[in-house]
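# Chain and residue survey
Residue strings, one per chain:
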Number of protein chains: 2
Amino acid sequence: MAKIAVLGHGVVGSGTVEVLEKSKQSLEKKAGQPLEVKYILDLRDFPDSPYKEKFTKDYGVIVNDPEIDIVTEVMGGLHPAYDYVKAALLAGKSVVTSNKELVAAKGAELLAIAREKNVNFFFEASVGGGIPIIRPLHQCLSADKIMGIAGILNGTTNYILTKMIRDNMPFDTALSTAQQLGYAERDPSADIEGTDACRKICILASLAFGKHVYPDSVHTEGITAVTPEDVEYCENFGGSIKLIGWAQRLDNGKIAVMVCPAFIAGESQLAGVNDVFNAIMVRGDTTGDVVFYGKGAGKLPTAGAVVADIVIAAKSHSSSRTLFWEDSEDQDFVEKPENIVCRHYLRLSGVTKEQAEQTFGNVKYLVRASAPEDELAFITEELSEKECADKCAALSGSTLANIRVLDY
Amino acid sequence: MAKIAVLGHGVVGSGTVEVLEKSKQSLEKKAGQPLEVKYILDLRDFPDSPYKEKFTKDYGVIVNDPEIDIVTEVMGGLHPAYDYVKAALLAGKSVVTSNKELVAAKGAELLAIAREKNVNFFFEASVGGGIPIIRPLHQCLSADKIMGIAGILNGTTNYILTKMIRDNMPFDTALSTAQQLGYAERDPSADIEGTDACRKICILASLAFGKHVYPDSVHTEGITAVTPEDVEYCENFGGSIKLIGWAQRLDNGKIAVMVCPAFIAGESQLAGVNDVFNAIMVRGDTTGDVVFYGKGAGKLPTAGAVVADIVIAAKSHSSSRTLFWEDSEDQDFVEKPENIVCRHYLRLSGVTKEQAEQTFGNVKYLVRASAPEDELAFITEELSEKECADKCAALSGSTLANIRVLDY
């Protein structure tokens, strides 16, 4: 018998209890033992819940109960989630979480405690919601040296960009539509400014490259500056604009990590990922490109991933050897943003083709209907961030847009 | 120390030894112990191989060596692979295989022996080559009731169909091109007639639904009858023709399993899977649609999947609880093909619209440039195979094509 505590009874928390209940029989068969939710922690009252006798407001009851094997943290936020999770691991309990903020900020520390205590710290649901990605990455692709990862990691921004592309909406209108449909929160900043995608690519990069990449080390741009004009040029380029979290092994031994809107070629498996869907491409030296696609959020998909982790935690009583990365206060292994190299889409005004070619060399021009006469748009060859910024600054005209072009 | 024997030194076998050697350090870290290939079994001589001292032609040496923990079978074919694998499991050794013919024919029996002996029988590489699908299906999606699976499971036929679609090639020319490029074998029948895809959907269906589905129970059609005319009509439909292996939970408690060319709508994540790539969509009641995409064959991708299985077999000394299905001589749980229901694309000659509508009711007509005057093409509503065949037979004209339209 594995006894479980669920911290938080919001969307994912209530979904987790629901899925555990609904599929009890098949889950217990898979876990090889009965599974019982003994406690649900929430500060609110749920007098009408069928589980009302399981509720507690006192975490001490949970962490001090030797019967509890698995603590499931689905509260979100850094505090008190971090304190609760740490205390659970130190008490020798396995922890399952969907909390990307927690894992991105404290993953290395919590994994080290889990290893020391020989318990599990699982977080499949923290990236890609219901899409299996964490476990495939460290188990199924273990023969690979991961060369790069690129993902559409945030459904809200992907929905907004899809509306901008399909319906020619400007950003603000697309955001309002997303808010009306409940796809974007009233305060959408964590989504549209890229913070959420940044946490997720930090988790994936830490796992793939073995050292904790902290969000502060990652240049993060959201989608607020993307305009319908850029969408039109991207169509002429033959691709789609997507908000991409990406991490790449560099020849100098460092890794490049960034979150930014990007032009993605139409042939890419990421280009056709629309609406609120997520997809993650993993590029391995042995397996080549593998893509994982599905719903990156939502009550049941996320709860499903949490519950699958619970089943595996119930089965395996020792710490996972492959789900691990080292801590690293020194973030020098993360390449400085200014040195990161890729092609750029530039939209300029007041610049002639001659000036552009003098400054950027070979460029590939893009066109759109009804562009003002003094607008010029093109794709550069590969340039570092700094080179690109310096060249733009050296031109007499002004830079209306600078969006990276990624080969994923 | 885990000692390994590799049976077969063909493409996948030599790739397996190569990957084990190349990534030795990181693999041993993941496995928590040294990994050593002690034997390679092959009837041929490899006097120039750097591993020549490991070769043996006598399987008895391997199966009777108590030092061997893991037998890796990458010979292909049913015999002697089956005999060797069974003997290894009975001798208490874990087995890793890439052999879809073996797993599709004998999976249930071998899984039962593995469970009895408390060793592992792993076969991630048998479906989708380097794409993680077996482990995600039984571990990561364990909270789901699998409602359906649909996959582009054969790279050769997908390459041929891609050439037919993009370059307007007839089937024979596309096949020759594939053969010239080494994507199709000189005897391409296992690919183009659907046998290979059938073995793979049998493995996936057995795992997803818990009972062994034998290839003989599965209606299997290849792509030899697909014509450029059908490709054109599919374009007008707004989709792509793909060879799909699919399995679906039915309301009557049975499952439908089939391999056939199918019209797939353009919005589907399967529609954009081109060339030799594979993709598998899994439809869960909790997670919704999840898609796994990548290279379904090739030396290194397949070897990578084999090696990942070896690492996990080295780590976990007890039989997997979730990678299992029951045997079932009685295949009544597999719906008879004649009762399987879906929409159909029909191309008829000598039939008027009036006759078509009298017989089929509501239909959606398709058009193509330069169609003969007496040709009629349309999509039916949902019909069983039998109803569709009966209705076609009742018409005075002749049926030129009958291709299923699938909602994946």
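Not measured: the values here are computed from a predicted model.

The rules behind these values
- Residues numbered from 1 in each chain as written.
- Chains lettered and ligands numbered in written order.
- Predicted model: local features only at pLDDT ≥ 70, side-chain atom pairs only at ≥ 80, totals over all residues.
- Helix = DSSP H or I, 4+ residues; strand = E, 2+ residues; numbered from the N terminus.
- Rg over C-alpha atoms; globule rule 2.2 N^0.38 Å.
- Buried ≥ 20, exposed ≤ 12 C-beta atoms within 10 Å, placed from the backbone.
- Contact = placed C-beta atoms within 7 Å.
- Core = buried A, V, L, I, M, F, W, Y, C linked by C-beta atoms within 7 Å.
- Axes fitted to C-alpha atoms, helices over the stretch in contact; angles between N-to-C directions.
- Nonpolar A, V, L, I, M, F, W, Y, C, P; charged D, E, K, R; others polar.
- Pairing = 2+ DSSP bridges.
- Domains from an automatic or database assignment.
- Least-squares fit on C-alpha atoms with pLDDT ≥ 70 in both.
- Expected span 1.5 Å × (residues − 1).

### Some remarks on the overall build of chain A
From N to C terminus, chain A includes 14 helices and 17 strands. Against the globule reference of 22 Å for 408 residues, chain A gives a C-alpha radius of gyration of 23 Å, in line with a compact fold. If one aligns the C-alpha atoms of chain A with their principal axes, the spans along those axes are about 75 × 45 × 35 Å. A burial count over chain A gives 55% of its 408 residues as buried. By sequence separation, contacts in chain A at least 24 residues apart represent 75% of the contacts at least 6 residues apart.

### As for the nonpolar core
Counting 280 residues, the largest nonpolar core has A:I149, A:I201, A:A205, B:I149, B:I201 and B:A205 as its most contacted members. Those residues within four positions of A:I201 in sequence are excluded, and the remaining contacts are A:G151, A:L153, A:V218, A:G245, A:W246, A:A247, A:V257 and A:V259.

### Some words on the environment of B:P301
Examined against the element boundaries, B:P301 turns out to sit in helix α12 (residues 299-315). In the structure, B:P301 is positioned 144 residues away from B:T157 in sequence and 18 Å away in space, judged by C-alpha atoms. Discounting chain neighbours no more than four positions away, the residues touching B:P301 are A:T286, A:T287, A:G288, B:G129, B:G130 and B:K295.

### A word on the packing of helix α2 (residues 24-31) of chain B against α12(B)
Residue and element names in this part refer to chain B. Two numbers describe how α2 lies on α12: the axes approach to 8 Å, and their chain directions differ by 35°. Of the residues in α12, those in contact with L27, K30 and A31 of α2 are V307, V311, A314 and K315. In the contact of α2 with α12, the residues fall into five nonpolar, no polar and two charged.

### Some words on the sheet that holds strand β3 (residues 55-56) of chain A
Residues and elements named next belong to chain A. Here we have six strands laid out as an open sheet, ordered β3-β2-β1-β4-β5-β6, and parallel in their pairing. The sheet is open, and its two borders are formed by β3 and β6 (121-122), each paired with just one other strand. Note that strand β1 (residues 2-7) and strand β2 (residues 35-41) share six bridges and pair parallel. Within β2, the residue paired with I4 across the bridge is V37. Helix α1 (residues 11-22) rests against β1, β2 and β4 (68-73) of the sheet, and its axis sits at about 160° to β2.

### Concerning the domain arrangement of chain A
Under the domain assignment used here, chain A contains domain 1 (2-130 + 300-315), domain 2 (135-295) and domain 3 (337-406). Here the C-alpha centroids of domain 1 of chain A and domain 3 of chain A sit 49 Å apart.

### Side note on the relation of the copies chain A and chain B
Between the two copies, chain A and chain B, the superposition gives an RMSD of 0.0 Å; the rotation angle is 180° and the shift along the axis is 0.0 Å. As the rotation angle and translation indicate, the two copies are arranged about a two-fold axis. Of the C-alpha atoms belonging to chain A, the one lying closest to the rotation axis is found on A:F292, 2.5 Å away.

### Examining the pairing of strand β17 (residues 398-406) of chain B
Strand residues, when the strand is regular, have side chains that alternate between the two faces of the sheet. All names here are of chain B. Where strand β10 (residues 255-265) and β17 come together, three bridges link them in parallel fashion. Directly across from A262, in β17, lies its bridge partner R404. One ladder, built from seven bridges, connects strand β13 (residues 341-349) with β17; its direction is antiparallel. Looking at β17, one finds that R343 is bridged to V405.

### Describing helix α10 (residues 195-209) of chain B
Residue and element names in this part refer to chain B. Look at α10: 21 Å from first C-alpha to last across 15 residues, which is about the 21 Å you get at 1.5 Å a residue. Of all 15 residues making up α10, 14 are buried, and the element is well covered by its neighbours. In the stretch just after α10, G210 is the one whose phi turns positive, near 90°.

### Focus: the interface of chain A and chain B
In many reports, interface size means the accessible area that the parts give up when they come together. Across the boundary between the two partners, chain A contributes 41 residues, which contact 42 residues of chain B. Those elements that place two or more of their residues in the side of chain A that touches chain B are α2 (24-31), α6 (134-140), β12 (288-295) and α12 (299-315) of chain A. Tallied by class, residues from the side of chain A that touches chain B come to 18 nonpolar, 14 polar and nine charged. By the bridge criterion, three bridges tie β12(A) to strand β12 (residues 288-295) of chain B in an arrangement that is antiparallel. Within β12(B), the residue paired with A:V291 across the bridge is B:Y293.

### Notes on the environment of A:I133
Residue and element names in this part refer to chain A. Looking at the element boundaries, I133 is found in the loop between β6 and α6. Assessed through the 31 C-beta atoms surrounding it within 10 Å, I133 is described here as buried. C-alpha separation for the pair I133 and V291, spaced 158 residues apart in sequence, amounts to 9.4 Å. Residue contacts for I133: discarding those within four places in its chain leaves V127, G128, I280 and F292.

### Focus: unusual backbone geometry
Going from A:H79 to A:P80, the amide bond is cis rather than trans, its omega being 10°. Note on placement: A:P80 falls in the loop between β4 and α4 (81-90). Backbone geometry at A:D275 places phi at a positive 55°, although glycine is not the residue there. Summarising the element assignment, A:D275 is placed in the loop between β10 (255-265) and β11 (277-284). Its identity is not glycine, yet B:S370 carries a phi of approximately 55°, on the positive side. Position of B:S370 relative to the elements: it lies in the loop between β14 (364-366) and β15 (375-379).

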